[in-house]
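Each chain, written out:
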Amino acid sequence: MKVSLEVNGAARAVDVDPWRRLLDVLREDLRLTGTKEGCGEGECGACTVLLDGAPVNACLVAAGQCHGRKVTTVEGLAGHADGGAVLHEVQAALLACGGAQCGICTPGIAVCASWIVDAEPIGADAGARARVRELLAGNICRCTGYQLIVDAVVEAAQARRAGEGEP
Amino acid sequence: MAELQPAGPVGRPVPRVDGVAKVTGAAHYVDDLDLPGAWHGATVRSTVAHGVLDAVDLDPDYDWTDVVVVTAADIAAAGGRNVVTLIEEDQPALVPLGGRVMHVDEAIALVAAPTRARALEARRHVRPRISARPAVLDTDAALRAEVKLYGDDNVFKRFVIRKGHGDDAAFEDAMAGADRIIEGVYPTAAQEQMYIEPQGMAAHWEDGRCFLVGSMQCPYYVHKAMKALLGCDGDGVVVTQAVTGGGFGGKEEYPSMIAAHVALLARKAGRPVKLIYDRGEDIAATTKRHPCVTRHRLGLAADGAIVAIDADVVMDGGAYLTLSPVVLSRGVLHAAGPYRCPVVRIVGRVVATNHPPHGAFRGFGAPQTTFPYERQIDKAARLLGVDPLAYRQRLALRPGDTTATGQELTFSVGSEAVLEAIARAAGPRPARDAVSAGGAPVRRGRGVCFYFHGSGFTGAGEQRIAGRATVALTAAGDVEVRSSSTDIGQGAATIFAQIAGASLGLAPERVRVVDPSTDKVPDSGPTVASRTCMVVGGLVERAARALGTRIAAWAGEHGRGGAPFAEVAAAAAAALGEVAETVQYEPPPGIEWDDATYTGAAYPVFGWAACLVDVAIDLDTCEVTVERCVQAVDVGKAINPMIVKGQIEGGTLQALGWGLLENVLYQDGKVANASMTNCIVPTFADAPDLETVLVEVPYPYGPHGAKGVGEIPMDGPAAAAINAVVDALGVDFDVVPVLPETIAARRDAWDAARRKS
């Protein structure tokens, strides 16, 4: 099956078995290896990508479902300015807060967190932290105990709001 | 106006040196490596726990074109030995024909094919024939030794520690002097490391040399194992660590097995081969924390002082010896806990069963023996009617006291400091009874725990390893740290850059920490045992200082005496070419250990920690919510407070998971829940906000005072959490894990206790 899709803003086309996992299309056919496989059954979230702006596990999405749709992977999060890469707010915050350790879950968490800070206002109170935990509960990290990741997402949300000129 | 000295890089929350690559997805783990022409491997495994391999049949109806099959016969044919060398050589890389199958999922044959799908398909057409024998599936059966798996008694290793008595009769006399004796039996379950990157390795051969790259903690372990397996010398094999997605001990010894397999496949296929486990295979076949049963007696004087401690520790080692003696050693060395006690007897045995070998997991035996003594101390406090934290403060080892092995504690003893930190952080107890959001009755409880963990290898282990590290000024003028200590997420590369930078007056980003590869770095010893920062970091510090001294001397000879390293490094490099300083471990003075009697200084120094946990239990569903978890850890010196905090918190949650939520189930010797759906670990939603208190009681022989921290956060929080459950419900739970079903099964008992209180 010929599948045309937009990946990180660029039009791509692959000719694959419609049942091929989106994860394999990204990693093997398009050589975008930032998206990781941790379990292959939708439990760990290491393969989280955005499909038309919403987080999905790329190991549970078939290539045939992606025709005409937009996929964002971790490689598509950073922007570019003055000829250099500019980290997305969540990437910068994960770095600054110590939210990445071994790093294998980090791409999935960064992608999901980018959706969180876009999708809803996250404050800095206890309720906001609980909300971040709920929204990221599909992404497993075994290194951090999650504390510094939650810190990072809250910080990224504040940076996003400041960037948008909110008080 | 005097110029302010720029702050040195040590003690600051420097972002990880590998952080940008990790947050952008640019970091390449082994499965991300583009190896042109590479085939994919798969492993044919045993389906029985114990038996004899009669044959390996290849399906005659299958098309074997483009498939390579490797069996044990290929090893000897190329002049190698069919062993995975570790402490002993009892474990084969592949079960040979006529050889004994020792566990389910043991490797029997290998296949490789151009695609992963084809390799997995071909694997199904390789059919081992095994004559099954009766299997040994628990430690009691192993000790009865009706079926012999190892020696005459199935005991891989036995240790006895005696303090304050000569023999068993004298010990019993001392115990008989106790006013009361608390007895308990404490089984603890296996635990899966569940690093998020499954294990994997790639190999290719070039001019008769084997090049391996993969996910691992200890490149030189793999290197040593490959020399025996491939029948080559040290130059014949090069082992390189790829970016590694977590280890926690799980990538200490098993990578040698995968390396063996992929090296054999690549040799026979004549091309690069990748062997990447999927999650199910990883959980089923690789090592886990040793299941353990501890029988514990705590003898108390009338005033609550400890008169005698008796612990009998039995671990399930699984089918081969692997690292089990060392795990048992660390378990028994911590089994008396950080408490004053004149008379101690610890007996430890690790036995052979037909389970897949159990192995290294953060804590390395200590969590299994910490849980029993911390339940016992809690029971004692309850019996005496005293506050559990105050009781621990009273009994804690202090400078001048001796441990179970007779080691006198003289420096860097953070016991009182961590207990004080917990006392300060504790705050009021939350209301005992409440109602959940769903309307269910909720009972709350609070538990504490106090523990210690030796830093580095036991006894003379560090001298035996004689780890080395190099700091070099390259001909191009760059500063490089070369060591075999791997960064597996714990931040080794960053702290090495900080430590070397501090010694040379450089910002950490000016120091390059070389990716470990056995042809580029010296053997610094394995990345295990809470030793990387303290021991290898200490080597890095010494090597950097030596380099600084040499460059300063050159500068002095060339009219630039007193100039900072950064200003003269380029000129020195241009004049001298590469300047490298390599140093080797030297033990601190006064460290004496007797391996025969298991007495003396077991560790150069201990880390100390205490933990407080508040839980809320839904009395309808028996679900336990950890509402609060505070852990105070004496790390000596936080080289990077952000990284060490993250490391402690990660270990804390692994420990809470082990205590309350994780469980590895075995059925007929096979892991019955080998998937992340069924073998669960804590998620974001299961974890509370973790409170971490860094306590710094410096170790005079560590870099900037730092000592080991990797394992200690794993040792105690499970006990604190289960003590909290006991506090809430008023009945004892003496097992790890305490799952909702564990609590539900004792509903009658705790319901009655609750109505009485």
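Each residue is numbered by its place in its chain's sequence as written, counting from 1. Numbering of ligands from 1 and lettering of chains from A proceed in the order in which they are written. With the structure being a predicted model, the display of local features is reserved for residues of pLDDT at least 70 and the display and counting of side-chain atom pairs for 80 or more, all residues being used for whole-chain, interface and lining totals. Processing note: side-chain calculations cover all non-hydrogen atoms of the structure and skip hydrogens and water entirely.

## Considering the interface of chain B and chain A
Where we set the bar: In what follows, a contact means two residues having at least one pair of non-hydrogen atoms within 4.5 Å. Two parts placed together each lose some accessible area under a 1.4 Å probe, and adding up what both lose gives the buried area. Between Lys or Arg on one side and Asp or Glu on the other, a salt bridge is scored when a side-chain nitrogen of the former is within 4 Å of a carboxyl oxygen of the latter. In this text, helices come from DSSP runs of H or I with a minimum length of four residues, and strands from runs of E with a minimum of two, each type numbered from the N-terminal end. The classification used treats Ala, Val, Leu, Ile, Met, Phe, Trp, Tyr, Cys and Pro as nonpolar, Asp, Glu, Lys and Arg as charged, and all other residues, Gly among them, as polar.
Taken residue by residue, the interface counts 52 residues in chain B and 45 residues in chain A. Here chain B and chain A share an interface that buries about 3,800 Å² over both sides, 58% of which is from carbon and sulfur atoms. Note that Glu662(B) and Arg142(A) form a salt bridge whose closest N and O atoms lie 2.7 Å from each other. Those elements giving two or more residues to the side of chain B that touches chain A turn out to be helix 1 (19–24) and helix 17 (641–660) of chain B. Among the elements that take part in the side of chain B that touches chain A, helix 17 of chain B stands out by supplying eight residues, more than any other. Classifying every residue of the side of chain B that touches chain A by side-chain character gives 23 nonpolar, 17 polar and twelve charged.

## Comments concerning the domain arrangement of chain A
Residue and element names in this part refer to chain A. What counts, and what does not: An automatic or database domain assignment provides the domain bounds reported here.
Once the domains are mapped, chain A shows domain 1 (2–76) and domain 2 (79–163). Between domain 1 and domain 2, the C-alpha centre-to-centre distance is 21 Å. Contact residues are listed per partner, giving 15 residues for domain 1 and eleven residues for domain 2. Taken together, both faces of the contact between domain 1 and domain 2 bury some 980 Å²; the carbon and sulfur share is 66%. Where domain 1 packs against domain 2, one counts zero salt bridges. Of all the elements in the fold, those that place two or more residues in the side of domain 1 that touches domain 2 are strand 3 (48–51) and strand 4 (54–57).

## Section: the environment of Val528(B)
Within the element layout of this structure, Val528(B) appears in the loop between strand 20 (511–513) and helix 15 (532–557). In this structure Val528(B) touches Gln217(B), Cys218(B), Glu252(B) and Phe457(B), once residues within four positions along its chain are discounted.

## Details of the nonpolar core
Counted only if it meets this: Only buried Ala, Val, Leu, Ile, Met, Phe, Trp, Tyr and Cys residues count toward a nonpolar core, and they belong to the same one when joined by side-chain atoms within 4.5 Å. Burial classes follow relative accessibility: with a 1.4 Å probe on protein chains only, a residue under 20% of its type's maximum area counts as buried, one over 50% as exposed, and anything between as partly exposed.
One finds Leu136(A), Ile306(B), Trp608(B), Val613(B), Val725(B), Leu729(B) and Phe733(B) to be the most contacted residues of the largest nonpolar core, which totals 167 residues. Sorting elements by how many residues they give to this core places helix 19 (residues 717–729) of chain B first, with ten residues. Apart from residues no more than four positions distant in its own chain, Val613(B) is found in contact with Gly445(B), Arg446(B), Gly447(B), Val626(B), Arg628(B), Cys629(B), Leu656(B), Pro717(B), Ala720(B), Ala721(B) and Ala724(B).

## Remarks on the packing of helix 14 (residues 492–504) of chain B against helix 15 of chain B
Geometrically, a packed helix pair is captured by the angle between its two axes and the distance between the axes. Residues and elements named next belong to chain B. Condition: For every element, the axis is a line fit to its C-alpha atoms; helices are fit only across the contacting stretch, and the angle between N-to-C directions ranges from 0 to 180 degrees. Each crossing is labelled by how the near helix is turned from the far one, with a counterclockwise turn of less than a right angle marking it left-handed and a clockwise turn marking it right-handed.
Where helix 14 contacts helix 15, the two axes come as close as 8 Å, and the packing angle between them is 35°. Here helix 14 and helix 15 pass one another in a crossing that is right-handed. Between helix 14 and helix 15, the contacting residues are Ala 492, Ile 495, Phe 496, Ile 499, Ala 500, Ser 503 and Leu 504 on the first element and Thr 532, Cys 533, Val 536, Gly 537, Val 540, Glu 541, Ala 544, Arg 545, Leu 547 and Gly 548 on the second. The residue makeup of the contact of helix 14 with helix 15, split by class, is eleven nonpolar, four polar and two charged.

## Brief notes about the sheet that holds strand 5 (residues 70–72) of chain A
Residues and elements named next belong to chain A. Going by this rule: The pairing criterion for strands is at least two bridges between them, as found by DSSP.
Spatial strand order, 2-1-5-3-4: five strands in an open sheet with mixed pairing. Strand pairing shows two members of the sheet lacking a second neighbour, strand 2 (10–15) and strand 4, which therefore form its edges. Adjacent strand axes in the sheet meet at a mean angle of 40° when their direction is disregarded. Where strand 1 (residues 2–7) meets strand 2, six bridges bridge the pair, whose relative direction is antiparallel. Note that in strand 2 the partner of Val 3 across the bridge is Val 14. Seen against the sheet, helix 3 (residues 106–119) touches strand 3, strand 4 and strand 5 and runs at an angle of roughly 35° to strand 3.

## Side note on the sheet that holds strand 25 (residues 624–634) of chain B
Residues and elements named next belong to chain B. Across the sheet, five strands lie side by side as 16-17-24-25-28; this open sheet has mixed pairing. Each edge of the sheet is formed by a strand with only one pairing partner; in this case those strands are strand 16 (433–435) and strand 28 (690–695). Adjacent strand axes in the sheet meet at a mean angle of 25° when their direction is disregarded. Bridging between strand 17 (residues 441–454) and strand 24 (residues 606–618) involves 13 bridges; their strand directions are antiparallel. By the bridge assignment, Cys 449 is partnered in strand 24 with Cys 611.

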